[in-house]
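Remarks on the overall topology
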Amino acid sequence: NDLIIVSGGIGDILAESAAMRAGQSAAQTRVNVEQAGRELGDQVQRIVDAGATHVMVVGPYNLGRSPWAIAQQGGVATTCQDPTENLEDASPACLSSAFNQALLVRIVNLGTKVRFVDAALHFNQVTSTPVSFAFDDAVNIACNSVDPGPGIGIGAGQVNSALCTTSTLAGVNLDRTVFADPIYLTPAANVSFGNYAFDRARERW
C-alpha cells in the first residue's frame, strides 16, 4: 500500500547545460538529456518489477519558464512544442521537454501501477496566470542569499535558496511568489504542486 514518489531531471538538465557552455555541442547535450530521461524510466521499471503497485513519477518542470532561463534569453521564456523537430535546440524549454518525452516512452507500458504527474503542465499554467493560483509574482525570486560556490548548478556567485533565511528574503511576499531562486520553487509553489499531484494520484488510485 506504499506510495513511492520518483522525481528527477532538473539536475541533469543543469549539468548538461553547463557542459554545453563549456563547449559541448547542442546535439550531444540533447542526446545526454534524453538518455537521462530513459535511465530514470529504467529505475521506475525496477521499482515496479520489485513489486511496487503505486508509483508516482515527476519529471522536470519547463525550465524555459525559470528566472534562470529568462535571464539567459533576455526576456520572456520560449517554449518547445516538439523537441523531435529540431535536435539542435538545446534551450532549457526543449531540454525539459526532451527529458520528459524520453521518460514517458520508457514507462508507457507500466499501466495502472505508475502515474506520471506533469510538473511542466502545472507550472506552465502557474507562470502564465499566477493570479489564478493565488500568486502575485512568477518572475522575481524570493531570496538574495548568494552562494560563492557552485550552488544550484548554474555557476558560482548565484542565489541559492537552500541558504535563504528570514534575513535574506528579497522583500517579496513569500506566500505569493513562485520562485525562491533562479531554478527552485518557494514553499508555497511546492504546496501548489503537491495539491495538484495529490489530485492526480487520487484520480488513478
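Residues numbered from 1 in each chain as written. Predicted model: local features only at pLDDT ≥ 70, side-chain atom pairs only at ≥ 80, totals over all residues. Heavy atoms only, no water.

**Points about the state of the cysteines**
Test applied: Note on terminology: disulfide denotes any pair of cysteine sulfur atoms within 2.5 Å. For helices the rule is a DSSP run of H or I covering at least 4 residues; for strands it is a run of E covering at least 2, with both sets numbered from the N terminus onward. Buried residues are those whose accessible area, probed at 1.4 Å on protein chains only, stays under 20% of the maximum for their type, while exposed residues exceed 50% and partly exposed ones sit between those limits.
What the rule picks out here adds up to one disulfide. Across the disulfide from C143 sits C164; the S-S distance is 2.1 Å. On the sign convention where negative means left-handed, the S-S torsion of about -95° between C143 and C164 marks this disulfide as left-handed. With C143 in the loop between strand 4 (137-141) and strand 5 (146-147) and C164 in the loop between strand 6 (158-159) and strand 7 (177-179), this pair connects stretches of sequence that are 21 residues apart. Classification of C143 by relative accessible area gives buried; the value is 5%.

**Here's the deal with the environment of S128**
For clarity, the cut-off: Under the rule applied, a polar contact is a pair of N or O atoms within 3.5 Å (in protein, one hydrogen donor and one hydrogen acceptor; residues adjacent in sequence only if both atoms are side-chain atoms).
Locating S128 in the fold gives a position in helix 5 (residues 119-128). What makes S128 partly exposed here is its relative accessible area of 45%. Separated by ten residues in sequence, S128 and A138 have C-alpha atoms that sit 8.3 Å apart. At 3.2 Å, the side chain of S128 forms a polar contact with the side chain of R65.

**Some remarks on the packing of aromatic side chains**
Where we set the bar: By convention, a stacked pair of Phe, Tyr or Trp rings (six-membered ring in the case of Trp) has centres within 6.5 Å and planes under 30 degrees apart, an edge-to-face pair has planes over 60 apart, and any other such pair is tilted.
Across all of its chains, the model carries four aromatic pairs by this definition. Measuring from ring centre to ring centre gives 6.1 Å for Y61 and F179, while their planes differ by 50°; the resulting arrangement is tilted. One end of the pair, Y61, is in the loop between strand 2 (55-58) and helix 3 (67-73); the other, F179, is in strand 7, and 118 residues separate them in sequence. Each member of the pair, Y61 as well as F179, carries the same accessibility label: buried.

**Brief notes about a nonpolar patch on the surface**
Condition: Like charges within 9 Å and nonpolar side chains (Val, Leu, Ile, Met, Phe, Trp, Tyr) within 5 Å are joined into patches, using only residues over 30% in relative accessible area that form no salt bridge. Surface exposure here means Shrake-Rupley accessible area, sampled with a 1.4 Å probe, where a residue is shielded only by the protein chains that are shown. What counts as a salt bridge is simple: a side-chain nitrogen of Lys or Arg found within 4 Å of a carboxyl oxygen of Asp or Glu.
A contiguous nonpolar patch, built from L3, I5 and W205 and spanning about 300 Å² of accessible area, is present on the exposed surface. Of note, I5 is situated in strand 1 (residues 4-7). Judged by its relative accessible area of 55%, I5 is exposed.

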